[in-house]
There are 2 protein chains.
Amino acid sequence: MKARLAVSRRLRSTPFTKRIEALGVSDYSIVNHTILPKGFTRSVEEDYWHLREHVQLWDVSCQRQVEIRGHDAARLVQMMTPRDLRTAVAGQCLYTPLIDNNAGLLNDPVLLKLSEDHYWLSIADSDVLLWAKGLALGFGLNVSVREPDVSPLAVQGPKADALMERVFGPQVHEIKFFRFRKLNFQDRSLMVARSGYSKQGGYEIYLDDSSLGLQLWDTLWEAGQGLEVAPGSPNLIERVEGGLLSYGNEFTNANNPLECDFNKYCSFDDDLDYIGKGALCAIKEAGAAQIIRGIKFDCNKCPPCASTWPLLVENVNAGEISTAVWSPRLSCNVALGMLKRGYWDDGQSVVVECGDGTLRSGQVVDLPYK
Amino acid sequence: MKARLAVSRRLRSTPFTKRIEALGVSDYSIVNHTILPKGFTRSVEEDYWHLREHVQLWDVSCQRQVEIRGHDAARLVQMMTPRDLRTAVAGQCLYTPLIDNNAGLLNDPVLLKLSEDHYWLSIADSDVLLWAKGLALGFGLNVSVREPDVSPLAVQGPKADALMERVFGPQVHEIKFFRFRKLNFQDRSLMVARSGYSKQGGYEIYLDDSSLGLQLWDTLWEAGQGLEVAPGSPNLIERVEGGLLSYGNEFTNANNPLECDFNKYCSFDDDLDYIGKGALCAIKEAGAAQIIRGIKFDCNKCPPCASTWPLLVENVNAGEISTAVWSPRLSCNVALGMLKRGYWDDGQSVVVECGDGTLRSGQVVDLPYK
């Protein structure tokens, strides 16, 4: 049984919602108090193949921006993450795990450096705004922290380049991966990044004026005719196969960066300080107790995964799955989950205790899925 | 068209979800990253009459607790609210609007004072946990701030007293309004408050052990046979008529307490300090620019209200509606919204511009609805 989403102002609509509804959205999720379209008229499997072959428009307005600006902006942003930001340049996007004083993860935004004293954190599902405001006030920092009127629209898939060129001109090809620049759109200037929550390539347009939303959508939609453009959303199969993690799903505040294989985003440089460094050093010293891995299992489609499923090795608890879905390409279920130390090697046999009570055989695999 | 809610671990299930699903939940909302049942097999109108006559069990686990404990706990809690907490006693529940340094509202939890150095904030939909953690760290306070394993279950309606006596004994009658005490449940002790998000009376049980969830639900359910017990949820009609506000719906961080008629929770005592006091004093001095009021309109049922609807007086914008629903008792639509200064008097005629484009006549009324 699947329940409907009860509407209210609190679950915020977006500048694109009118078009999303007209195109037959069938499923919503909620991220940052904002609706995220998750399905349209096609199945998740049809959507997966379409994303790998064509181009899709995704309403990811729920990736809200936390703007940090002012004299102490760089200082506050560095306090919030173990990633060394000292060499970051304006125009760069940086994947930036945020941790608290216990090294527990709070979010994993993409940081956009607009200038030396101006940053956006493009956040996953938690109110980073309140964390940043609390720190700024408590530490007496000279910054403004707010949520601006910015709604990202993603253009994803192998034909994204062709579609974006039709709207923004050949300049789009000059944007390097995880870089952004300002491009003209109908006498306005919009920030466009080469980024997105898929492994199929594409862009994210940071619309900074809600009143332009339908015009932007319609322009992209019309330009996409002949390219098989379709409405889409982060695709569960594609993200699991690509090893793209989701805060609240694969990891929560109960997890630390080393459990999530974020080692490359953790600096232990003596000259760098950030909140939670002491706790993170201690975890590094002891070694992570569990790590996120891929788990392939069974040739029969598993049910939807709405909570964690235990992983067993010879009847001993060896970890848990957080997300699982049928892959039509690999003809098995693909999953992401935490494996405890001793059980995380590639090829380790496991038994998955699915939400429907079935026990299914599988094995640990490296990410991303081949 | 109503879209389904896409399930994932991130949208957390509760200790009662199995029973909620078995009882045919038809609609969910999301609050604090947790599912909130919003409808079952009956219509919202049938549910309204049932709530006014019988007794309902509500899974309000989404009212997460932010636990603040330790030497500086009282200090931190007072920093977060304009309400004077100096006379609060252990065992008391207090409605406690939280504001930031601009006097913008952040949440409106019920504060439970467990002891002089131990508090729970039973929160509406924003991550107060991150705000409190940020303040505690920044101001160097000696407190622990965490989300404990606590899932409130509400028992609401005129027969709640009878049902609760059958499970917890006659002691329940000794609990005064907005007070709580520990009562025995199967060799355990559970916190029970006389409170809840309706005007029909009842209790909230703060279950502090998820593994007891189904047992608690089943015990209440069995005891409710003969009392016409039913699964329920905060009822939209009943809450609008009762003037019960909802953070994210009637007010957001863009609003201040005086706009929400929270004057009685705002102390301007010289000896009391809290975050945002200066900003709040300035607003008080200038007077609120808008205030939340009731709006009755039209004798034809309005569509669901998923975003704000403009209010017009002689074609001039006079405010906006945030929540609206048909009242079968009053035979008109009832709404909550902000009226600008000059337009908020009882009886003021207004025109409502509904989401479906219709213009409907109405008038401003006092809260709660008669």
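Only a predicted model underlies this, so the values are computations on that prediction, with no experimental measurement involved. Each chain carries its own residue numbering, running from 1 in the written order of its sequence. Key to labels: chains lettered from A, ligands numbered from 1, both in the order written. A pLDDT threshold of at least 70 governs which residues receive local features in this predicted model, and a stricter bar of 80 or more applies before side-chain atom pairs are shown or counted, although totals over entire chains, interfaces and linings include all residues.

Enquirer: Tell me about the overall build of chain A, and name the residues and values.
Expert: Each helix is a run of DSSP H or I of at least 4 residues and each strand a run of E of at least 2, with the numbering of both proceeding from the N terminus. For chain A, the helix and strand inventory stands at eight helices and 22 strands. As a reference, a globule follows 2.2 Å times the number of residues to the power 0.38, and the radius of gyration itself is taken over C-alpha atoms. Against the compact-globule benchmark of 21 Å for 370 residues, chain A has a radius of gyration of 21 Å, which places it among compact chains. Summarising its shape, the C-alpha atoms of chain A cover approximately 65 × 50 × 40 Å along the three principal directions. Note on contacts: each residue gets a C-beta atom placed from the backbone, and two residues are in contact if those atoms are within 7 Å. For chain A, the proportion of contacts with a sequence separation of at least 24, taken over those separated by at least 6, is 66%.

Enquirer: An account of the interface of chain B and chain A is requested, with residue identities and associated values reported.
Expert: Facing 47 residues of chain B, the contacting portion of chain A comprises 47 residues. Counting only elements with at least two residues in the side of chain B that touches chain A, the list comes to β1 (4–5), β2 (27–31), β3 (34–39), α4 (128–138) and β19 (316–327) of chain B. Examining the composition of the side of chain B that touches chain A, we find that seven residues originate from one element, α4(B), more than from any other. Classes in brief: Ala, Val, Leu, Ile, Met, Phe, Trp, Tyr, Cys and Pro nonpolar; Asp, Glu, Lys and Arg charged; the others, Gly included, polar. Considered class by class, the residues forming the side of chain B that touches chain A number 19 nonpolar, 17 polar and eleven charged. A strand pair is defined by DSSP finding two or more bridges across the two strands. Relative to β1(B), strand β2 (residues 27–31) of chain A runs parallel, the two sharing two bridges. Within the sheet, the bridge partner assigned to A:Tyr28 lies in β1(B) and is B:Leu5.

Enquirer: With reference to specific residues and values, describe the nonpolar core.
Expert: The tendency in soluble globular proteins is for nonpolar side chains to be buried as a group. Think of a nonpolar core as buried Ala, Val, Leu, Ile, Met, Phe, Trp, Tyr and Cys residues chained together by C-beta atoms that fall within 7 Å. Backbone-placed C-beta atoms define the burial measure: a residue is buried with 20 or more other C-beta atoms within 10 Å of its own, exposed with 12 or fewer, and partly exposed in between. A:Leu76, A:Ala132, A:Val155, B:Leu76, B:Ala132 and B:Val155 are the most contacted members of the largest nonpolar core, which has 216 residues in total. Setting aside residues up to four positions removed in sequence, B:Val155 forms contacts with B:Val55, B:Leu57, B:Ala160, B:Leu163, B:Met164, B:Gly202, B:Tyr203, B:Ile205 and B:Leu220.

Enquirer: Quick rundown of the packing of helix α5 (residues 160–168) of chain B against helix α6 (residues 213–223) of chain B? Include the residues and the values.
Expert: Relative placement of two packed helices is described by the angle separating their axes and the distance separating the axes. Residue and element names in this part refer to chain B. To get an axis, a line is fitted to the C-alpha atoms, and for a helix only the part in contact is used. The angle between two axes follows their N-to-C directions and goes from 0 to 180 degrees. Taken N-terminus to C-terminus, the directions of α5 and α6 make an angle of 120°; their axes are 9 Å apart at the nearest point. Regarding the angle of α5 to α6, the classification is oblique. The two elements α5 and α6 meet at a crossing, and its hand is right-handed. Note on element contacts: α6 touches α5 through Thr 219, Leu 220 and Ala 223, opposite Leu 163, Arg 166 and Val 167. For the contact of α5 with α6, the per-class residue count stands at four nonpolar, one polar and one charged. Should an angle fall under 35 degrees it is called roughly parallel, over 145 degrees roughly antiparallel, and 65 to 115 degrees roughly perpendicular, with every other angle called oblique. Crossings are assigned a handedness: left-handed for a near helix turned anticlockwise from the far helix by less than a right angle, right-handed for a clockwise turn.

Enquirer: With reference to specific residues and values, describe the confidence of the model for chain A.
Expert: As a per-residue measure, pLDDT tells how confident the predictor is, with possible values from 0 to 100. Summary statistics for chain A give a mean pLDDT of 97 and a share of 100% for residues scoring 70 or more. Across the whole predicted complex the pTM is 0.97, and at the interface the ipTM reaches 0.97.

Enquirer: I'd love a proper account of the sheet that holds strand β16 (residues 229–232) of chain B, names of residues and values included.
Expert: All names here are of chain B. Strand order across the open sheet formed by six strands is β13-β14-β15-β12-β4-β16, with mixed pairing between neighbours. Each edge of the open sheet is held by one strand with a lone partner, namely β13 (180–185) and β16. Sheet twist, expressed as the mean angle between neighbouring strand axes with direction ignored, is 30°. By the bridge criterion, six bridges tie strand β12 (residues 151–156) to strand β15 (residues 202–207) in an arrangement that is antiparallel. By the bridge assignment, Gln 156 is partnered in β15 with Gly 202. Helix α2 (residues 44–53) contacts β4 (55–59), β12 and β16 of the sheet and is inclined by roughly 130° relative to β16. Taken strand by strand, α5 contacts β4, β12, β13, β14 (188–193), β15 and β16, and its axis lies near 125° from that of β12.

Enquirer: Residues and numbers for the sheet that holds strand β5 (residues 65–69) of chain A, please.
Expert: Residues and elements named next belong to chain A. One open sheet accounts for five strands, arranged β6-β9-β10-β5-β11; its pairing is antiparallel. At either end of the open sheet lies a strand with only one pairing partner, and these are β6 (93–95) and β11 (144–146). The mean angle between the axes of side-by-side strands here comes to 20°, regardless of whether they run parallel or antiparallel. Two strands pair when backbone bridges link them, and β5 and β11 are joined in this way by three bridges, in the antiparallel orientation. Its bridge partner being in β11, Arg 69 is matched across the sheet by Ser 144. Contacting β5, β9 (110–115) and β10 (118–122), helix α3 (residues 73–80) crosses the sheet at an angle of about 130° to β5.

Enquirer: Give me the lowdown on the relation of the copies chain B and chain A, citing residues and values where you can.
Expert: With an RMSD of 0.0 Å, chain B superimposes on chain A once it is rotated by 180° and translated 0.0 Å along the axis. Taken together, these values place the two copies in the relation of a two-fold axis. Least squares is the method used to superpose the copies, on C-alpha atoms of residues holding a pLDDT of at least 70 in both.

Enquirer: Run through the packing of α3(A) against helix α4 (residues 128–138) of chain A, naming residues and quoting values.
Expert: All names here are of chain A. α4 packs onto α3 with a crossing angle of 120° between their chain directions and a minimal axis gap of 11 Å. The orientation of α3 relative to α4 falls into the category oblique. The two elements α3 and α4 cross, and the hand of that crossing is right-handed. Each of Leu 76, Met 79 and Met 80 in α3 lies in contact with α4, whose residues at this interface are Ala 132, Leu 135 and Ala 136. When grouped by side-chain class, the residues that make up the contact of α3 with α4 number six nonpolar, no polar and no charged.

Enquirer: Residues and numbers for helix α6 (residues 213–223) of chain A, please.
Expert: All names here are of chain A. Listing the buried residues of α6 in full gives Gly 213, Leu 216, Trp 217 and Leu 220. Seen from one end, α6 has its buried residues packed into an arc of 95°, which puts them on one side. Exposed side chains of α6 directed beyond 90 degrees from the buried face belong to Asp 218 and Glu 222. For α6, the elements touching its buried residues are α1 (17–22), β4 (56–59), β12 (151–156), α5 (160–168), β13 (180–185) and β15 (202–207). Working note: the arc is built from the helix axis to C-beta atom directions.

Enquirer: Explain unusual backbone geometry residue by residue, including any values.
Expert: All names here are of chain A. With omega at -5°, the peptide bond leading from Leu 367 into Pro 368 counts as cis. Within the element layout of this structure, Pro 368 appears in the segment after β22 (359–365). In this model, Phe 178 sits at a positive phi of 60°, which is unusual for a non-glycine residue. Within the chain, Asp 298 stands out as a residue other than glycine whose phi angle is a positive 60°. Its place among the elements puts Asp 298 in the loop between β17 (290–297) and β18 (309–313).

Enquirer: Which residues make up the pairing of β9(A), and what are the values?
Expert: Two faces, one strand: in a regular strand the side chains alternate between the faces of the sheet. All names here are of chain A. In this structure, β6 lies alongside β9, joined through three bridges in antiparallel fashion. Note on β9: the bridge partner recorded for Cys 93 is Leu 112. In terms of strand pairing, β9 meets β10 through five bridges, oriented antiparallel. Opposite Lys 113, over in β10, you have Tyr 119 as the bridge partner. Count of turn residues in the β9/β10 antiparallel hairpin: two residues.

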